[in-house]
Amino acid sequence: MPLKMRKEEKKLFLARTRAEYARTRGRKAKGQLIDAVVQFVGYKCRKQAIRALNSKVPAPGKRKRGRVKKLDARQVEVLREIWFALDQPCGKRMQPVLGTWVSCWEKQHGALNPPMPAVSASTLDRVLGAFKLCKPAERDDRLQLASLKKSIPYVDRRKAVDTPGVLSADTVAHCGGDMSGDFAWTLTVTDELTGWTRTRAIWNKGQYATCCAPGYILRHLPFRVRSINTDNGSEFINYHLQRFIKERYKTCKVTRSRPNRKNDNARVEERNLRMVRECVGYERLDDESFVRLLNRIYNASNLLANHFHTWQRVVSKERKGSKVIRHMDTPTTPYERLLGHLKEGGGKKRLQDFHESLEPWKLRKEMQEAMTALVRRLEAVRLGRRAGRPGAQGEACQTG
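The rules behind the values
Residues numbered from 1 in each chain as written. Predicted model: local features only at pLDDT ≥ 70, side-chain atom pairs only at ≥ 80, totals over all residues. Heavy atoms only, no water. Pairing = 2+ DSSP bridges. Helix = DSSP H or I, 4+ residues; strand = E, 2+ residues; numbered from the N terminus. Core = buried A, V, L, I, M, F, W, Y, C linked by side-chain atoms within 4.5 Å. Buried < 20%, exposed > 50% of the residue type's maximum accessible area, 1.4 Å probe, protein only. Contact = heavy atoms within 4.5 Å. Expected span 1.5 Å × (residues − 1). Right-handed = clockwise from strand over helix to strand, strands pointing away. Axes fitted to C-alpha atoms, helices over the stretch in contact; angles between N-to-C directions. Parallel < 35°, antiparallel > 145°, perpendicular 65-115°, else oblique. Nonpolar A, V, L, I, M, F, W, Y, C, P; charged D, E, K, R; others polar. Phe/Tyr/Trp six-rings, centres within 6.5 Å; stacked < 30°, edge-to-face > 60°. Lys NZ or Arg CZ within 6 Å of the ring centre and 35° of its normal. Disulfide = S-S within 2.5 Å.

Structural notes on the pairing of strand β7 (residues 323–328)
Remark: a regular strand shows side chains that alternate across the two faces of the sheet.
Part 1: For strand β6 (residues 314–320) and β7, the ladder comprises 6 bridges, and the chain directions are antiparallel. The residue of β7 that forms the bridge with lysine 320 is lysine 323.

Here's what the structure looks like:
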C-alpha cells in the first residue's frame, strides 16, 4: 500500500533513488530499490518504476525541443492589428499583402526592432488562431430536451385538489388534419377544482407565441396560480417557456403528464371539446388573420362559460356488473364554485362587481358576430386561393 506523500516529496525521493539506482550493481540490490519506489511512490507495476528510474532528467535551463520562435510578442501584436484591419482573412489571403501593411504600419508607429521576418501562411494561421472566435459546439436538441423533460416531475393524481390554482394546459391544432405548414393554435388552461377556463389563440408554436399566450391567460386569472400540468409536447417542454414561468411565477410548480396516461389532463381535454372544437370546428386556419378572429370569439365565450354555464364534477364511481355509474355533484357555474373558495376581501368583491356588469345575451351576440366573421374570412381566403391571388393569404381581416 503506497504511503501518503506530497508531489514534491515523491519527486525528491525518486531523484535520490534514481541516482542510487544508477550506482547500484546486482540484480537483488536493484530489485530492492524498485520495490521501494513501487511502495512509496505508488506505481501500479514494477515496469513503471523501472522506466522512471532509468529515465534521464533534463538539465535545468536546457531549452525545449522544437523550432526557435521567429516572432516575439510585439511582432505578434502587430500581426494581430493588421489581421483585424484586413477583416480577419485566412493566412493564404493575408500573406501576399503582409509586407505592404507592415511598411504602412511602421510609417505611423515607427520601425519594428527586430524587424518583421518573412512569415508563411501556415505560421500566420497558427499565430493568429488564438485570437479567432471559436464557434460554439452544436447542441443535440433531442438530448437537451430529454434532460429538461427529466427535470420536470410527473403529476401526482393521488392527491385530491381542494384549492383553486391547480391548472391543466393543452393546445388544439387548427390544421384540418394536415400538420404541415403554418396555422393557428389554441391554448386552453383549466382550473381543476372550479372548472374556470381561459382559451387564447396563437400563430404557430414559436417562442413568442408560447410565452405570450400563457402570460396573458395567467395574468387574467382571478386566483393565485399554484401549479400547471401540461402534456409532453414541445410547445410546453422547452427552455424559454419553463424559464418564463419560473421567472414570473416563482411559487408555481410545473408538472407533466405521465406516459400512457391519457386521463392525466382529462379536465382540459373535455374543455377543448366543449369550448374549442364545438365552437370553431375542425377547419384548417392557415392565415394569420384568423388569430384575431379566434380571440374575439374566445373573449366572449370564456365569459359565458365561466359566469353563466354550469359544470359538473365526478364525485365518485360505482361499478355494477359491466357498467360504471358516475355520481356527479350539483351543476354549478365556475364563478359560483370560485366564490366559495375566495376569502372576503378586495379580490372577491371585484369579481362580484365584474359578474354583475356582464350581460349574457350581449356576450352571446358578440360571440355569434365573431363566429360569422370567422366563417366569412374563411370563405374569402378559399376563394382567393382558387382564383390564384397571391396576396389572398396575407390580406388583413376586414370582416366583422
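Considerations on the nonpolar core
Part 1: One finds Leu167 and Ile228 to be the most contacted residues of the largest nonpolar core, which totals 34 residues.
Part 2: Of all elements in the fold, only β1 (166–173), β2 (184–191), α9 (207–219), α10 (239–248) and α13 (334–339) reach the threshold of two or more residues within this core.
Part 3: Here this core gets 5 residues from one element, more than from any other, and that element is α9.
Part 4: Discounting chain neighbours no more than four positions away, the residues touching isoleucine 228 are Leu167, Ala169, Leu218, Ile245, Cys252, Lys253, Val254 and Thr255.
Part 5: One finds Leu293, Tyr298, Leu374 and Leu378 within the second-largest nonpolar core, a separate group that totals 23 residues.

Comments concerning the side chain of serine 257
Part 1: Tracing the backbone shows serine 257 in the loop between β5 (253–256) and α11 (266–280).
Part 2: Ignoring anything within four residues of it in the chain, the contact list for serine 257 reads Tyr154, Val155, Asn229, Thr230, Asp231, Asn232, Asp264 and Asn265.

What to know about helix α15 (residues 360–386)
Part 1: In this model α15 runs 39 Å from its N-terminal to its C-terminal C-alpha over 27 residues, within 8% of the 39 Å that 1.5 Å per residue would give.
Part 2: For α15, the complete set of buried residues consists of Leu363, Met367, Ala370, Ala373, Leu374, Arg377, Leu378, Val381 and Gly384.
Part 3: Tucked into the core, α15 has its buried residues touching α11 and α12 (289–307).
Part 4: Looking one or two residues beyond α15, the residue adopting positive phi is glycine 388, at roughly 80°.

Re the pairing of β5
Part 1: One ladder, built from 4 bridges, connects strand β4 (residues 227–230) with β5; its direction is parallel. Paired with asparagine 229 across the strands is threonine 255, a residue of β5.
Part 2: Viewed along the sheet, the connection from β4 through α10 into β5 turns out right-handed.

Description of the packing of helix α2 (residues 27–41) against helix α3 (residues 46–54)
Helix-helix packing is described using two parameters, namely the angle between the two axes and the distance between the axes.
Part 1: Here α2 crosses α3 at 105°, and the two axes come no closer than 9 Å. When the interaxial angle is binned, α2 and α3 end up roughly perpendicular. Contacts between α2 and α3 pair Gly31, Ile34, Asp35, Val37 and Val38 from the former with Arg46, Ala49, Ile50 and Leu53 from the latter.
Part 2: A per-class count over the contact of α2 with α3 returns 6 nonpolar, 1 polar and 2 charged.

Remarks on the packing of aromatic side chains
Part 1: A full pass over the atoms with the stated rule returns 3 aromatic pairs.
Part 2: An angle of 25° between the planes, with centres 5.3 Å apart, marks the rings of phenylalanine 183 and tryptophan 185 as stacked.
Part 3: Assessed through its relative accessible area of 8%, tryptophan 185 is described here as buried.
Part 4: Over the ring of tyrosine 21 we find lysine 30; its NZ or CZ atom is 4.8 Å from the centre of that ring.
Part 5: Cation over ring: arginine 200 sits above tyrosine 216, and NZ or CZ is 3.9 Å from the ring centre.

Side note on the state of the cysteines
Part 1: Summed over the entire model, instances satisfying the criterion amount to 0 disulfides.
Part 2: Cysteine cysteine 212 remains unbridged, with the sulfur of cysteine 211 as its closest cysteine sulfur at 7.0 Å.
Part 3: Among the cysteines around cysteine 252, which has no disulfide bond, cysteine 211 carries the closest sulfur, lying 14 Å off.
Part 4: By relative accessible area, cysteine 252 is classed as buried at 11%.

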